[in-house]
Amino acid sequence: MTVNPTFPEAVAADPIFLADVRAGLSKPLKTLSPKYFYDAAGSELFEQITALPEYYPTRTEVGILDARGPEIANVLPKQAALVEFGSGSTAKLRRLLRHLPDLAAYVPVDVSGEFLADQAKTLRHDFPDLAVEPVVADFTKPFPLPETTGMAPRAGFFPGSTVGNFEPAEAEALLDSFGEILGPDALLILGVDLVKDKDRLEAAYDDAAGVTAAFNMNLLKRINHELGGDFDLDAFEHRAVFNTQASRIEMHLVSRKDQTVRIGGDSFAFRQGETIHTENSYKYTLETFRALAARAGWQTVTAWTDADALFSVHVLRRD
């Protein structure tokens, strides 16, 4: 990385975002954190991805929630406060709410405040008897729950196999953090994507319509808009590959040519073919995920899969 003092710093740039981008692009193997995918545009693009024919996780998880909703409701304590980490759309929550008429409160947690506020407003309209207490926070860091949840029993909801976006050691730390936030004897309902055929996995992250490519590229748009970057979007392309040895899908942005990108006062050189590694999505077996959860202080109550064993939904209890 070299400094270009003639290129001005971004106006009112988020210092944490800027610092993370500088650090990631200064590595020998360049990276950007996937948590920055989810501005308003990124959140909308992800909702489009979930409806794509290639993207099996959402419809498969929804099918499990529909089929097992009564069983999930029986496991949860009465008058529970349900905390959804990285809530985004409330579509999956709604599949559970019809089975949880006595829920004391719903606490959606998301870093995208604008999107969160819109979802909370709609949910209050559709479920006027439900106390909705949104929290704008980065769920990867500790945060306090609203005081209004009081002494209600706590349960967490973490659908979408987002846990797979973290390195296994980071996933353990995250699940342990959830346990600290929720407290002793809490339950956690979460989705976990399963290992399967390589072609099916890669198609799910590189759809024919190019929506996932736009979602990945939106990260560069954010940097240009919010941090004063000058990424030429036409000079990068989306790539998704399954790393069999690591059991993970990797998403990259690939430089089409030798080029230099400026962000604020810094310059970053790219070689043709060099990539920015933007996301991992680890795939587990039931056994490997149960072991990971146990190391993080959670015991498996039960787990369900679809008929084709593409996806799983787990209910964990905090030790």
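Each remark here, short or long, concerns the structure printed above.
Asker: Please give an account of the overall build of the chain that cites residues and values.
Answerer: Within the chain, the regular secondary structure consists of 9 helices and 13 strands. Here the C-alpha atoms of the chain give a radius of gyration of 20 Å, agreeing with the 20 Å that 2.2 N^0.38 yields for 319 residues. The principal-axis extent of the C-alpha atoms belonging to the chain is close to 60 × 45 × 35 Å. Counting the 319 residues in the chain, one finds 52% classified as buried. Long-range pairs, those at least 24 residues apart, make up 72% of the contacts in the chain with a sequence separation of at least 6. Positive and negative side-chain charges of the chain, numbering 31 and 46 respectively, have mean locations separated by a distance of 2 Å.

Asker: Mind laying out the pattern of salt bridges, listing which residues take part and the relevant values?
Answerer: All told, the structure shown has 23 salt bridges when counted by the stated rule. Here Asp138 and Lys35 are joined by a salt bridge, their closest N and O atoms 3.4 Å apart. On the criterion of sequence distance, the pair formed by Asp138 in the loop between strand 4 (135-136) and strand 5 (154-158) and Lys35 in the loop between helix 1 (15-25) and helix 2 (40-49) is long-range, its members being 103 residues apart. On the basis of relative accessibility, which here comes to 29%, the residue Lys35 falls in the partly exposed class. Its salt-bridge partner being Glu237, residue Arg256 comes within 3.4 Å of it at the nearest N-O pair. Of this pair, Arg256 sits in the loop between strand 8 (248-255) and strand 9 (259-263) while Glu237 sits in strand 7 (residues 236-243); the two residues are 19 residues apart in sequence, bridging distant segments of the chain. Connected through salt bridges with shared partners, the residues Asp20, Lys35, Asp138 and Lys141 form a single ionic network.

Asker: Quick one: what's the story with the sheet that holds strand 3 (residues 105-110), residue by residue and with numbers?
Answerer: The pairing of strands in a sheet happens through backbone hydrogen bonds and is either parallel or antiparallel. The mixed open sheet is built from 7 strands, whose spatial order is 4-3-2-5-6-13-12. Strands at the two margins of the open sheet, each flanked by one partner only, are strand 4 and strand 12 (298-305). Against the sheet, helix 6 (residues 168-182) touches strand 2 (81-85), strand 5, strand 6 (187-193), strand 12 and strand 13 (311-318), its axis set at about 150 degrees to strand 5.

Asker: Run through the packing of aromatic side chains, naming residues and quoting values.
Answerer: The final tally for this structure, using the stated rule, is 19 aromatic pairs. Plain terms: the ring middles of Phe46 and Tyr55 are 6.3 Å apart, the flat faces sit at 80 degrees to each other, and that makes the pair edge-to-face. With centroids separated by 5.0 Å and ring planes inclined at 85 degrees, the aromatic side chains of Phe158 and Phe178 adopt a geometry described as edge-to-face. Note that Phe158 is positioned in strand 5 and Phe178 in helix 6, a separation of 20 residues in sequence. Judged by its relative accessible area of 0%, Phe178 falls in the buried class. An aromatic cluster is defined as three or more aromatic residues linked by ring pairs; in this entry it consists of Phe37, Tyr38, Phe46, Tyr55, Tyr205 and Phe215.

Asker: Explain helix 1 residue by residue, including any values.
Answerer: Those residues of helix 1 that sit buried are Phe17, Leu18, Val21, Gly24 and Leu25. Looking straight down helix 1, one finds its buried side chains confined to an arc of 135 degrees; they lie on one side. Facing away from the buried side of helix 1, by more than 90 degrees, are the exposed residues Pro15 and Ile16. Here the buried face of helix 1 lies against helix 8 (211-227), strand 9, strand 10 (266-270) and strand 11 (275-282). The opening residue of helix 1, the one whose side-chain oxygen lies 2.9 Å from the backbone nitrogen of Ile16, is Asp14.

Asker: Any details on the environment of Leu316? Residues and values, ideally.
Answerer: Note that Leu316 resides in strand 13. Here the alpha-carbon distance between Leu316 and Ala155, two residues 161 residues apart in the chain, equals 9.7 Å. In this view, Leu316 contacts Ala186, Leu187, Leu188, Leu190, Phe289, Ala293, Trp298, Gln299, Thr300 and Val301; residues no more than four positions away in its chain are not counted.

Cut-offs used in this document
Residues numbered from 1 in each chain as written. Predicted model: local features only at pLDDT ≥ 70, side-chain atom pairs only at ≥ 80, totals over all residues. Heavy atoms only, no water. Helix = DSSP H or I, 4+ residues; strand = E, 2+ residues; numbered from the N terminus. Rg over C-alpha atoms; globule rule 2.2 N^0.38 Å. Buried < 20%, exposed > 50% of the residue type's maximum accessible area, 1.4 Å probe, protein only. Contact = heavy atoms within 4.5 Å. Lys, Arg positive; Asp, Glu negative; His and termini not counted. Charge placed at Lys NZ, Arg CZ, Asp CG, Glu CD. Salt bridge = Lys/Arg side-chain N within 4 Å of Asp/Glu carboxyl O. Pairing = 2+ DSSP bridges. Axes fitted to C-alpha atoms, helices over the stretch in contact; angles between N-to-C directions. Phe/Tyr/Trp six-rings, centres within 6.5 Å; stacked < 30°, edge-to-face > 60°. Arc of directions from axis to C-beta. Polar contact = N/O pair within 3.5 Å; in protein donor to acceptor, adjacent residues only side chain to side chain.

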